[in-house]
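Okay, here's what each chain looks like letter by letter:
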Amino acid sequence: MKDLKCIALDVSKDSSHIQAFSSDLLKLSKVEVIDHTLEGFNEVIRLYELLDQPMIVFEATGVYHRGLQKFLIDSETPYVMINPFSVG
């Protein structure tokens, strides 16, 4: 079975915390804080390519996730956006 990987983002107003995990929840990267800028979003792509295209996951956070979402759409990078009201 292929080892699945994921990049998790905790999206806030002007920045996001980002960390990668394996399917058995081993940390594959340190926690990084990225700004919501082109440079910051390119860090997501750098990690995505380094880990051979893991799943990118983040929670819809009002309007704060929209810059990240647009960047991923424009760069044709697949992602999963979780509705916080559907969990729990």
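This one's a predicted model, so the numbers in the text were calculated from it and none came from an experiment. (Residues numbered from 1 in each chain as written. Predicted model: local features only at pLDDT ≥ 70, side-chain atom pairs only at ≥ 80, totals over all residues. Heavy atoms only, no water.)

## Observations regarding the pattern of salt bridges
Right, so step 1: A complete count under the given rule lists three salt bridges for this structure.
Right, so step 2: The partner of Glu43 in a salt bridge is Arg46, with the nearest N and O atoms 2.9 Å apart. Here Glu43 pairs with Arg46, and both are found in helix 1 (residues 38-50), just three residues apart, close to one helical turn.
Right, so step 3: Taken together, the shared-partner salt bridges in this structure form one network comprising Glu32, Glu43 and Arg46. (Salt bridge = Lys/Arg side-chain N within 4 Å of Asp/Glu carboxyl O. Helix = DSSP H or I, 4+ residues; strand = E, 2+ residues; numbered from the N terminus.)

## Re the sheet that holds strand 1 (residues 5-11)
Sheets are built from strands paired through backbone hydrogen bonds, the pairs being either parallel or antiparallel.
Right, so step 1: Sheet architecture is open: five strands sit in the order 3-2-1-4-5, paired in mixed fashion. Taken across any chain shown, the strands that pair with only one partner, and hence form the sheet edges, are strand 3 (32-35) and strand 5 (80-82). Neighbour-to-neighbour, the strand axes of the sheet open up by a mean angle of 30 degrees, direction not taken into account.
Right, so step 2: In the sheet, strand 1 pairs with strand 4 (residues 55-59) via four bridges, with the strands oriented parallel. The partner of Cys6 across the bridge, within strand 4, is Met55.
Right, so step 3: Here helix 1 sits on the sheet and contacts strand 1, strand 2 (15-22), strand 3 and strand 4; the angle it forms with strand 3, its principal contact strand, is near 130 degrees.
Right, so step 4: Most of the contacts of helix 2 (residues 66-74) go to strand 4, to which it runs at about 155 degrees, and overall it touches strand 1, strand 4 and strand 5. (Pairing = 2+ DSSP bridges. Axes fitted to C-alpha atoms, helices over the stretch in contact; angles between N-to-C directions. Contact = heavy atoms within 4.5 Å.)

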